[in-house]
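Results of the structural survey
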Amino acid sequence: MMKAGVSLLQCFDIVGRGHSNPRMVRLLNDIRSDVETGTSLSVAFAKHPSHFNSLYCNLVAAGEAAGILDTLLDRLAVHMEKTEALKSKVKSALSYPAAVMSVAFVVVVIIMIVVIPAFKSVFSSFGADLPAPTLFVMGVSEFFVAHGWLVTGAGVAGSYAFLWLWRRSERLQRLTDRWLLKTPVFGALIEKACIARWTRTLSTLFAAGVPLMDALELAGGTSGNSVYAQATFTIQEKVSTGISLNVAMAHTGVFPSMVVQMCAIGEESGALDHMLGKSADFFEAEVDQQVAALASLMEPFIIVILGSLIGGILISMYLPIFELGQVI
């Protein structure tokens, strides 16, 4: 709307009238009131940090200072759309197996607590030794019946305690993020997503005219991983002493050589924002390909695991029935 010549206040009126969420309407009205009283748009956004982060506010401030607010808002919209799309793809790749495994765990618990004890009462009248797999499954069932609530309560309490400590301990966050990057299959996906967000953010900020040191500070926080946030802090220290960006990135050891080389080319040619954007495009495409591959591989893999688990339980409980003829 700004590119079409609509005034800023009128833009807020139009967007507010067309929005179905009353909270969003109130937010836009608050921002409009601040702007109408002479507050700059970036300052008005900064009053609502839960909706507009520091990256957003800094880009808007840069656009206001340079007189290209419409261009910066457009660039910011593209940046946020790509970032959110990347996050949703990673979440979908991680949430599917987690959801299926959670449901499978609930099903197994129900089988152990409800179904297996019914078989136990039948087998008690056989008058013969039960097979070892059957005895094992029945032992696990007895444990679940006797201590199931205790195990469940301990698991819930342990998860809550871990989340509580994780939110308050930077060291635990670093250890968790480092462990996530080393996990098989998913670690590479998370690493590529972090690099894509880091390079995309730095490219957007640098293209908007934000100084490199300020851009690095914002890029570290948007990477989504404390390992890359700490690496960004190290890069800032080295760049402040006169070391080039690509050399500082290489010293951290967390960026692939391709990204380092692209930054080196960008610094030499004066097109650092363009080369960082190309790197982000490359790693976003890598994430797309890996998510698609995981989606096609995870389904049969999960089916094999669940089939082996449930099938193993069923076979163990039916073995005595197969031997019923010998007992008679």
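Preceding this paragraph is the structure being described.
It should be emphasised that the depicted structure is a prediction, and the values quoted were computed from it without experimental measurement.

**Concerning the overall build of the protein chain**
In terms of regular secondary structure, the protein chain is built from 14 helices and 0 strands. Mapped in sequence order, the helices and strands of the protein chain form the string α-α-α-α-α-α-α-α-α-α-α-α-α-α. Radius of gyration (C-alpha) of the protein chain: 28 Å, far over the 20 Å computed for a compact globule of 328 residues. Here the C-alpha coordinates of the protein chain stretch approximately 95 × 50 × 35 Å along the principal axes. Counting across all 328 residues of the protein chain, residues that qualify as buried make up 35%. A sequence separation of at least 24 residues applies to 60% of the contacts in the protein chain between residues at least 6 apart.

**What to know about the nonpolar core**
Most often, soluble globular proteins have nonpolar side chains that are buried together. In this structure, Ile31, Phe45, Ile235, Met249 and Phe255 are the most contacted members of the largest nonpolar core, which totals 58 residues. Ranked by residues supplied to this core, first place goes to helix H8 (residues 186-207) with 9 residues. If near-sequence neighbours (up to four positions away) are discounted, Met249 is found in contact with Trp198, Ile235, Phe255, Val259, Val260 and Cys263. If you look at the next biggest cluster of nonpolar residues, it comprises 11 residues, including Ile111, Met112, Val137 and Met317.

**Looking at the state of the cysteines**
The full count for this structure, using the stated rule, is 0 disulfides. As a non-bridged cysteine, Cys57 has Cys11 as the owner of its nearest cysteine sulfur, 18 Å distant. The cysteine Cys263 is free of any disulfide, with Cys194 supplying the nearest cysteine sulfur at 16 Å. Look at Cys263 and you get buried, because its relative accessible area is 0%.

**Observations regarding the environment of Ser226**
The topology assignment puts Ser226 in helix H10 (residues 226-240). Residue classification places Ser226 among the buried residues on the basis of a relative accessible area of 17%. Along the primary structure Ser226 and Arg178 are separated by 48 residues, whereas in three dimensions their C-alpha atoms are 8.1 Å apart. Discounting residues that sit within four places of it in the chain, Ser226 has contacts with Gln173, Arg174 and Asp177.

**Overview of the packing of aromatic side chains**
Counting across every chain of the model gives 6 aromatic pairs. When the centroid spacing of 5.6 Å and the interplanar angle of 75° are considered together, the rings of Tyr228 and Phe255 count as edge-to-face. In this pair, Tyr228 is assigned in helix H10 and Phe255 in the loop between helix H11 (245-252) and helix H12 (257-269), connecting sequence segments 27 residues apart. Residue class for Phe255 comes out buried when judged on its relative accessible area of 8%. Taken together, the ring pairs in this structure connect Phe45, Phe52 and Tyr56 into an aromatic cluster.

**Details of the packing of helix H6 (residues 132-168) against helix H13 (residues 272-322)**
Their axes nearest at 8 Å, the elements H6 and H13 cross at an angle of 120°. The pairing of H6 with H13 is recorded here as oblique in orientation. Two packed elements cross with a definite hand, and for H6 against H13 that hand is left-handed. Across from Pro133, Thr134, Val137 and Met138 in H6, the residues of H13 making contact are Ile313, Ser316, Met317, Leu319 and Pro320. Of the residues that constitute the contact of H6 with H13, the class distribution is 7 nonpolar, 2 polar and no charged.

**Let's talk about the packing of H12 against H13**
H13 packs onto H12 with a crossing angle of 160° between their chain directions and a minimal axis gap of 7 Å. Here H13 runs roughly antiparallel to H12, going by the angle between their axes. Crossing angle aside, the handedness with which H12 passes H13 is right-handed. Of the residues in H13, those in contact with Met258, Val259, Met262, Cys263, Ile265, Gly266 and Glu267 of H12 are Leu272, Met275, Leu276, Lys278, Ser279, Phe282 and Phe283. Residues belonging to the contact of H12 with H13 are distributed by class as follows: 10 nonpolar, 2 polar and 2 charged.

Procedures and definitions
- Residues numbered from 1 in each chain as written.
- Predicted model: local features only at pLDDT ≥ 70, side-chain atom pairs only at ≥ 80, totals over all residues.
- Heavy atoms only, no water.
- Helix = DSSP H or I, 4+ residues; strand = E, 2+ residues; numbered from the N terminus.
- Rg over C-alpha atoms; globule rule 2.2 N^0.38 Å.
- Buried < 20%, exposed > 50% of the residue type's maximum accessible area, 1.4 Å probe, protein only.
- Contact = heavy atoms within 4.5 Å.
- Core = buried A, V, L, I, M, F, W, Y, C linked by side-chain atoms within 4.5 Å.
- Disulfide = S-S within 2.5 Å.
- Phe/Tyr/Trp six-rings, centres within 6.5 Å; stacked < 30°, edge-to-face > 60°.
- Axes fitted to C-alpha atoms, helices over the stretch in contact; angles between N-to-C directions.
- Parallel < 35°, antiparallel > 145°, perpendicular 65-115°, else oblique.
- Left-handed = near helix turned anticlockwise from the far one by under 90°.
- Nonpolar A, V, L, I, M, F, W, Y, C, P; charged D, E, K, R; others polar.

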